[in-house]
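Here's the letter readout for the chains.
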Amino acid sequence: MNDLALYIENGKKLIDEFIKAHFIKKHYDKKFPHNKFSLADAMLYTLTMPGKRIRPIILLLSAESLGFYDKKKLLPFASSLELIHSYSLIHDDLPSMDNDDLRRGKPTSHIVFGEATAILAGDALLAEAFVMLSDKDYIEEFDPVKIIEIVSEFSCAAGAGGLVEGQFHDVNSFGEHLDFEKIEYINEKKTASLIASACAAGAILSGNDEKTVSEFRKFGGYIGMAFQAVDDVLGITGNKEILGKTAGIDRINNKLTMAENIGLERTRKLIEEYNKKAMAHLEKTGAETGMFIELIKYLTDRIN
Ligand code: GRG
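Residues numbered from 1 in each chain as written. Predicted model: local features only at pLDDT ≥ 70, side-chain atom pairs only at ≥ 80, totals over all residues. Heavy atoms only, no water.

1. A short note on the pattern of salt bridges
Thought 1: For the structure on display, the rule yields 25 salt bridges.
Thought 2: Measuring nitrogen to oxygen at the nearest pair gives 3.5 Å for the salt bridge that ties Lys 255 to Asp 98. Here Lys 255 is found in the loop between α13 (249-252) and α14 (258-262), whereas its partner Asp 98 is found in the loop between α4 (71-92) and β1 (102-103), with 157 residues between them in sequence.
Thought 3: Accessibility expressed as a relative area gives 10% for Lys 255, which makes it buried.
Thought 4: For Asp 98, a relative accessible area of 6% translates into the label buried.
Thought 5: For Asp 301, the salt bridge goes to Lys 297, with nearest N and O atoms at 2.7 Å. On the criterion of helical spacing, the pair formed by Asp 301 and Lys 297 is a turn pair, its members being 4 residues apart in helix α16 (residues 290-301).
Thought 6: Of the residues examined, Asp 301 reaches a relative accessible area of 46% and is grouped as partly exposed.
Thought 7: Here the residues in one salt-bridge network are Asp 98, Asp 170, Lys 190, Asp 250 and Lys 255, joined through shared partners. (Salt bridge = Lys/Arg side-chain N within 4 Å of Asp/Glu carboxyl O. Helix = DSSP H or I, 4+ residues; strand = E, 2+ residues; numbered from the N terminus. Buried < 20%, exposed > 50% of the residue type's maximum accessible area, 1.4 Å probe, protein only.)

Structure representation (structure tokens):
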């Protein structure tokens, strides 16, 4: 196992344990006798499924590359990104959005719990992300100004200038021919913005200046664009069993992705270009780049 594979394996374990402990602490498991499930059951269903946990891992790596090694202190912030991400997956799969019945190798939330509960589980996860990263039991050693900066990073990335905006253009463009710039814009919003905020948060929490934070945000933006372009390639070349989600859902929805717009070969070149641009920003910061070089290779060569 290489250094990054080991890092990811350990990081995932810490993140999953932290999330589990947080829900035990919160006791959101009230169940009326006529209900089979609690709200927490529905939240944890998607949240704890096996996934790459790449957004929290990227936050941990960003902070560590700048010399902040105490992972335990970073876990509330890193884990909160997985809550935001899981909410977006639940809502993305809804009948009124991508209408998918498979996620992370299992039936989607609305298939298991019904549509109303899936919407509520997503809503609750989004709010819980901010409960988690502002819980004073977890964060007392950080300057409150930094916490406000993180709230600003994550809420901007999640909302009307980020994920939700990207999703808005995405679902309102089914059946439309979008040019390259528009597809790039959607990808930047719906996928890259949260990854960019993970990088920026790592730089903020490790006590760096605005210039470094900004370079980390740009670095994350480009690796996020590459991440979505790889996702689009896998939507054409991947299979359901390995992806754990419906392969080609975009084509089923009559949605033109980057890979379908410019072809597989040009998309692969574009991924290389995004990765190069990302590294150029990282190199301006004086951060340790070794693990990120491995990360970029891992994200580019992934099969799910
Ligand atoms: C507000 C109702 C409402 C819906 C919004 C914000 C949103 C729903 C959706 C965001 C769009 C979205 C889901 C983009 C997909 C990005 C992406 C490539 C997801 C897959 O991420 P991975 O590969 O998945 O990291 P795992 O399962 O490994 O965590």
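There is more to say, and it comes next.
2. Considering the packing of aromatic side chains
Thought 1: Taken as a whole and assessed by the stated rule, the structure comprises 10 aromatic pairs.
Thought 2: Look at Phe 68 and Phe 142: their rings are 6.0 Å apart centre to centre, the planes differ by 20°, and that puts the pair in the stacked class. Placement of the pair is Phe 68 in the loop between α3 (54-65) and α4 and Phe 142 in the loop between α7 (136-139) and α8 (144-158), with a sequence separation of 74 residues.
Thought 3: The structure contains a cluster of three or more aromatic residues connected by ring pairs, namely Phe 37, Tyr 45 and Phe 113.
Thought 4: Positioned above the aromatic ring of Tyr 138, the side-chain terminus of Lys 25 is 4.6 Å from the ring centre.
Thought 5: Over the face of the ring belonging to Phe 227 we find Arg 302, whose NZ or CZ atom lies 3.9 Å from the ring centre. (Phe/Tyr/Trp six-rings, centres within 6.5 Å; stacked < 30°, edge-to-face > 60°. Lys NZ or Arg CZ within 6 Å of the ring centre and 35° of its normal.)

3. Some thoughts on the state of the cysteines
A disulfide bridge is the covalent bond that connects two cysteines by way of their sulfur atoms.
Thought 1: On inspection of all chains with the given rule, the structure shows 0 disulfides.
Thought 2: Residue Cys 156 stays outside any disulfide, its sulfur separated by 16 Å from that of Cys 199, the closest cysteine.
Thought 3: Assessed through its relative accessible area of 49%, Cys 156 is described here as partly exposed.
Thought 4: We classify Cys 199 as buried; its relative accessible area is 0%. (Disulfide = S-S within 2.5 Å.)

4. A word on the nonpolar core
Thought 1: Grouped together as the largest cluster of nonpolar side chains are 70 residues, with contacts concentrated most on Leu 59, Phe 77, Phe 154, Phe 219, Ile 223 and Leu 295.
Thought 2: The residues touching Ile 223, leaving out its near neighbours within four places in the chain, are Ile 58, Ile 195, Cys 199, Asn 275, Ala 278, Leu 295 and Ile 296.
Thought 3: Ranked by size, the runner-up nonpolar core spans 17 residues in total, among them Leu 178, Ala 192, Leu 234 and Leu 243. (Core = buried A, V, L, I, M, F, W, Y, C linked by side-chain atoms within 4.5 Å. Contact = heavy atoms within 4.5 Å.)

5. Describing the side chain of Glu 82
Thought 1: Within the secondary structure, Glu 82 is located in helix α4.
Thought 2: We classify Glu 82 as buried; its relative accessible area is 0%.
Thought 3: Discounting chain neighbours no more than four positions away, the residues touching Glu 82 are Ile 19, Leu 47, Arg 53, Pro 56 and Arg 104.

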